[in-house]
Amino acid sequence: MHELSLLDNVRTILEEHARSQQFEIVDKITLEIGALSCIESEALRFAFDTVMNNSLAQHAQLTIKHIAGQGRCVACGKMTPMRELYDTCLHCGHFQLDILSGLEMKITELEVR
Ligand SMILES: [Zn+2]
């Protein structure tokens, strides 16, 4: 499952931060998930408990923020909203879009002690 390996990375990042910034417990964590990243929030929440079990984020409260997808059309140059990776331009129907946002998956907020 995609979400598991992703959260493994998050756990590794948290453990590295805990060492360099000297905290022991993560109380809250906010993850930003792009609409085009193919990550399911429900699967992510489910996997979170599994992956963080016995870690410093074991009891952390998880918040998921969604980032809308947006692209710029290669043909007409206009910005177009994207709900899926292979969406076409809303204005001219062209299929080639430069993705500007929507692919991200990052930790944006942490509350630690
Ligand atoms: Zn276009």
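The model shown is predicted, which means the values in this text are computed figures rather than measured ones. Along every chain, residues carry numbers that run from 1 in the direction the sequence is written. Where totals are concerned, whole chains, interfaces and linings use all residues; where local detail is concerned, this predicted model gives features only for residues with pLDDT of at least 70, and gives and counts side-chain atom pairs only at 80 or more. To obtain the side-chain values, all non-hydrogen atoms of the structure were used and water was disregarded.

Description of a nonpolar patch on the surface
Heads up, the rule is: Each patch groups residues whose relative accessible area exceeds 30% and which form no salt bridge, using 9 Å between like charges and 5 Å between nonpolar side chains of Val, Leu, Ile, Met, Phe, Trp and Tyr. Only the protein chains shown count as cover for residues, and all accessible areas are computed by the Shrake-Rupley method using a 1.4 Å probe. Note on definitions: salt bridges are taken to be side-chain nitrogens of Lys or Arg within 4 Å of carboxyl oxygens of Asp or Glu. Think of it this way: any DSSP run of H or I at least four residues long counts as a helix, any run of E at least two long counts as a strand, and we number them from the N terminus.
Taken together, the side chains of Leu85, Tyr86, Ile99 and Leu103 make up a nonpolar region of the molecular surface, amounting to roughly 420 Å² of accessible area. Take Ile99: it is sitting in strand 5 (residues 97-101).

What to know about helix 1 (residues 2-21)
Every α-helix winds through 3.6 residues per turn, so residues three or four apart in the chain are directed the same way. To keep it simple, the criterion reads: For a helix, the expected span equals 1.5 Å multiplied by the number of residues minus one. Each residue is placed in one exposure class: buried if its accessible area under a 1.4 Å probe, protein chains only, is under 20% of its type's maximum, exposed if it is over 50%, and partly exposed if it falls in between. Here the arc refers to the directions that run from the helix axis out to each C-beta atom. In this description, contact between two residues means that some pair of their heavy atoms is separated by no more than 4.5 Å.
Taking 1.5 Å per residue, 20 residues should reach 28 Å; helix 1 reaches 29 Å between its end C-alpha atoms and fits that length. Turning to helix 1, its buried residues are Glu3, Leu6, Leu7, Val10, Leu14 and Ala18. Taken around the axis of helix 1, the buried residues stretch over an arc of 120°, which confines them to a single face. Of the residues in helix 1, the exposed ones pointing more than 90 degrees away from the buried face are Arg19 and Ser20. Tucked into the core, helix 1 has its buried residues touching strand 1 (26-34), helix 2 (41-52) and strand 6 (105-112). Gln22 lies just past helix 1 and shows a positive phi near 55°.

Some remarks on the sheet that holds strand 1
Selection rule: For two strands to be treated as a pair, DSSP must find at least two bridges joining them. In this analysis, axes come from line fits to C-alpha atoms, helices being fitted only over the stretch in contact, and the angle between any two N-to-C directions falls in the range 0 to 180 degrees.
Strands sit in the order 2-1-6 across an open sheet of 3 strands; the sheet is mixed. Each edge of the open sheet carries a strand with a single partner, namely strand 2 (61-67) and strand 6. Sheet twist, expressed as the mean angle between neighbouring strand axes with direction ignored, is 20°. Where strand 1 meets strand 6, 7 bridges bridge the pair, whose relative direction is antiparallel. Looking at the pairing, Thr30 lines up with Glu109 of strand 6. Contacting strand 1 and strand 6, helix 1 crosses the sheet at an angle of about 40° to strand 6. Sheet strands touched by helix 2: strand 1 and strand 2. Its angle to strand 2, the strand with the most contacts, is close to 155°.

Describing the packing of helix 1 against helix 2
Helix-helix packing is characterised by the crossing angle of the two axes and by the distance between the axes. We apply this condition: In this scheme, roughly parallel covers angles under 35 degrees and roughly antiparallel covers those over 145, while 65 to 115 is roughly perpendicular and the rest are oblique. Crossing handedness follows the turn of the near helix against the far one: under a right angle anticlockwise gives a left-handed crossing, and clockwise gives a right-handed one. Polar here means any residue other than Ala, Val, Leu, Ile, Met, Phe, Trp, Tyr, Cys and Pro, which are nonpolar, and Asp, Glu, Lys and Arg, which are charged; Gly is therefore polar.
Orientation of helix 1 relative to helix 2, taken along the N-to-C sense of each, is 50°, at an axis distance of 9 Å. By the angle between their directions, the pair helix 1 and helix 2 is classed as oblique. Crossing angle aside, the handedness with which helix 1 passes helix 2 is right-handed. Only Ala43, Leu44, Ala47, Phe48, Val51 and Met52 of helix 2 make contact with helix 1, whose side of the interface consists of Glu3, Leu4, Leu6, Leu7, Asp8, Val10, Arg11 and Leu14. Each residue belonging to the contact of helix 1 with helix 2 can be placed in one class, and the counts come to 11 nonpolar, no polar and 3 charged.

Let's talk about the confidence of the model for the protein
Put simply, the rule is: The predictor rates its confidence in each residue with pLDDT, a number between 0 and 100.
Scored by pLDDT, the protein has a mean of 95; 99% of the residues are at 70 or more. By mean pLDDT, the top-scoring element of the protein is strand 3 (residues 69-73) (97), and the lowest-scoring one is helix 2 (93).

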